Amino acid sequence: MRNTRTLNTRTLTGRAAMAAAFVTAALVLAACGNDDSSSTGQAGGHSSASSSASADATAGAHNAQDVSFAQGMIPHHQQALEMAELAADRASSDKVKDLASRIEGAQGPEIKTLSGWLTSWGEDVPTTSGSAAESMPGMDHSAGSAMPGMMDGSDMDELEKSSGADFDTMFLTMMIDHHKGAVDMAAAEKNKGEYGPATTMADGIVTTQTAEIAEMNKLLGKN
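Conventions we followed
Residues numbered from 1 in each chain as written. Predicted model: local features only at pLDDT ≥ 70, side-chain atom pairs only at ≥ 80, totals over all residues. Heavy atoms only, no water. Helix = DSSP H or I, 4+ residues; strand = E, 2+ residues; numbered from the N terminus. Expected span 1.5 Å × (residues − 1). Buried < 20%, exposed > 50% of the residue type's maximum accessible area, 1.4 Å probe, protein only. Contact = heavy atoms within 4.5 Å. Salt bridge = Lys/Arg side-chain N within 4 Å of Asp/Glu carboxyl O. Phe/Tyr/Trp six-rings, centres within 6.5 Å; stacked < 30°, edge-to-face > 60°.

(A) Geometry of helix H6 (residues 196-219). Its 24 residues give H6 an end-to-end C-alpha distance of 35 Å, which sits within 8% of 34 Å, the value for a rise of 1.5 Å per residue. Buried within H6 we find Ala198, Met201, Ala202, Ile205, Val206, Gln209, Glu212, Ile213, Met216 and Asn217. The elements touched by buried residues of H6 are helix H2 (64-90), helix H3 (94-121) and helix H5 (164-192).

See below:
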């Protein structure tokens, strides 16, 4: 009886030791599995973050041409707005007034968009208060603009003093040249720009203002 009890006790003790060993091994394996999972998760997280950063960088990429386009188009648009505003009480043709209203509706919001881009890029934003000529370095009412299509001070003064049919003719003639300048600037942006929204705006300017040039020539009886 004593031998049997002794054997049973030893057997139970051995089984308990084996069970403890199995539990310890299972815990170690589980811990390793969690570490691998954590490492994998961290690696995946870093990969996703890198991909996201790369995508953001691509979406926001811009170059010197984009900056030049935005800084030049703001005062160019501003002068177009100044010309269009004069049409409200000086033009005699309803078609001229309608065209002027459309120009204001399109180019006003674009000035805000262009200004926002420059601000986000940390670049100088040309002022849009007062005369467009005064908003550009090196320009004043008495000097011509190196920018394509921009009117000088004497042109603007003459337009402001005119009215009726004379205003209509002068407005259309000046705005055609102004639009052609904007189309040239936009074409350069399309060819050399890098910032997607800017090249898209440039494409829209080319399309819209080319159509308006044809419309103004028709009003002048040129086609």
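What follows continues from the structure just given.
(B) The pattern of salt bridges, seen in detail. Summed over the entire model, instances satisfying the criterion amount to 4 salt bridges. Ionic pairing is found between Arg90 and Asp89, a salt bridge with its closest N-O pair at 3.0 Å. Judged by its relative accessible area of 61%, Asp89 is exposed. With a shortest N-O distance of 2.6 Å, Arg102 and Glu215 are connected by a salt bridge. Residue Arg102 is found in helix H3, and its partner Glu215 is found in helix H6; the two are separated by 113 residues along the sequence. Residue classification places Arg102 among the partly exposed positions, given a relative accessible area of 33%. Given a relative accessible area of 27%, Glu215 falls into the partly exposed group. A single salt-bridge network, built from bridges that share partners, covers Asp98, Arg102 and Glu215.

(C) Main features of the packing of aromatic side chains. For the structure shown, the criterion picks out 4 aromatic pairs. On the basis of an interplanar angle of 90 degrees and a centroid distance of 5.1 Å, the ring pair of Trp121 and Tyr195 is categorised as edge-to-face. Placement of the pair is Trp121 in helix H3 and Tyr195 in the loop between H5 and H6, with a sequence separation of 74 residues. According to the relative accessible area criterion, Trp121 is buried, its value standing at 14%. The exposure class of Tyr195 is buried, given its relative accessible area of 13%. Aromatic pair Phe167 and Phe171: ring centres 5.7 Å apart, planes at 20 degrees, arrangement stacked. With Phe167 and Phe171 both in helix H5 and 4 residues apart, the pair spans about one turn of that helix. Both residues of the pair, Phe167 and Phe171, belong to the buried class.

The values reported here are purely geometric and, on their own, carry no functional implication.
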